[in-house]
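Geometric and topological summary
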Amino acid sequence: MILLPEPWWLTALLAIVVLSDAAMSIRPPKFIRDCLNGVGFPREWWWTLLVIKLLAVAGLAVGLWVPGIAFAANVGIVCYFVAAAYSHIRARFTGSEFWLNCLGMLALSTVVLLVSYL
């Protein structure tokens, strides 16, 4: 296993995508609000998603130079989206938000993990 991402730009791309997602979480657009409400995630806890996403971005960025950190952050992102997918399925909220947002991010983060570290 490689402890620094190779190619590095895939991890950087994932960091940019997750940072964009975090920025949208500050004032969630309708499709994100619908998603969070659809799975029954309490509104008073929405701020935690912003913290989680920003910590993931920091881990990905630091991990471009510090061995193992980006790998751990990438695994965390995959776990986050597996949990999100489970929440969608459990709530039977499997519309376009599930397929495009949740599974799209799960696929991206999984591909980056597999290509960059194996």
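The structure we're discussing is the one just above.
Below you will find a few notes about this structure.

Here is what the cut-offs are and how they apply
- Residues numbered from 1 in each chain as written.
- Predicted model: local features only at pLDDT ≥ 70, side-chain atom pairs only at ≥ 80, totals over all residues.
- Heavy atoms only, no water.
- Phe/Tyr/Trp six-rings, centres within 6.5 Å; stacked < 30°, edge-to-face > 60°.
- Buried < 20%, exposed > 50% of the residue type's maximum accessible area, 1.4 Å probe, protein only.
- Disulfide = S-S within 2.5 Å.
- Salt bridge = Lys/Arg side-chain N within 4 Å of Asp/Glu carboxyl O.
- Helix = DSSP H or I, 4+ residues; strand = E, 2+ residues; numbered from the N terminus.
- Axes fitted to C-alpha atoms, helices over the stretch in contact; angles between N-to-C directions.
- Parallel < 35°, antiparallel > 145°, perpendicular 65-115°, else oblique.
- Left-handed = near helix turned anticlockwise from the far one by under 90°.
- Contact = heavy atoms within 4.5 Å.
- Nonpolar A, V, L, I, M, F, W, Y, C, P; charged D, E, K, R; others polar.

**Observations regarding the packing of aromatic side chains**
All chains considered together, the criterion is met by four aromatic pairs. Judged by centre distance (6.3 Å) and plane angle (20 degrees), the rings of Trp 45 and Trp 47 are stacked. A residue is classified by how much of its surface remains accessible, and Trp 45, at 47% relative accessible area, is partly exposed. Seen from their ring centres, Tyr 80 and Phe 81 are 4.8 Å apart, and the 85 degrees between their planes marks the pair as edge-to-face. Residue Tyr 80 is classed as partly exposed on the basis of its relative accessible area, which comes to 22%.

**Brief notes about the state of the cysteines**
Applying the stated criterion across every chain yields a total of zero disulfides. With no disulfide of its own, Cys 79 lies 13 Å from the sulfur of Cys 102, the closest cysteine sulfur. For Cys 102, a relative accessible area of 5% puts it in the buried group.

**Some points on the pattern of salt bridges**
In this structure the tally under the stated criterion is two salt bridges. Put simply, Lys 53 and Asp 21 hold a salt bridge, and the shortest N to O gap is 3.2 Å. Highlighted residues: Lys 53 in helix α3 (residues 46-62) and Asp 21 in helix α1 (residues 8-26), separated in sequence by 32 residues. We classify Asp 21 as buried; its relative accessible area is 13%. Notably, a salt bridge pairs Asp 34 with Lys 30, separated by 2.6 Å at the nearest N-O pair. Linking Asp 34 with Lys 30, this pair stays in helix α2 (residues 30-38), spanning four residues, or about one helical turn. A relative accessible area of 26% means that Asp 34 is categorised as partly exposed.

**Points about the packing of α3 against helix α4 (residues 69-90)**
For the pair α3 and α4, interaxial distance at closest approach is 7 Å and the crossing angle is 150 degrees. Here α3 lies roughly antiparallel to α4, going by the angle between them. For α3 against α4, the interelement crossing comes out left-handed. For the pair formed by α3 and α4, the contact residues are Leu 49, Ile 52, Lys 53, Ala 56, Gly 59, Leu 60 and Val 62 on the first element and Ile 69, Ala 70, Ala 73, Asn 74, Ile 77 and Tyr 80 on the second. Of the residues belonging to the contact of α3 with α4, the class tally is ten nonpolar, two polar and one charged.

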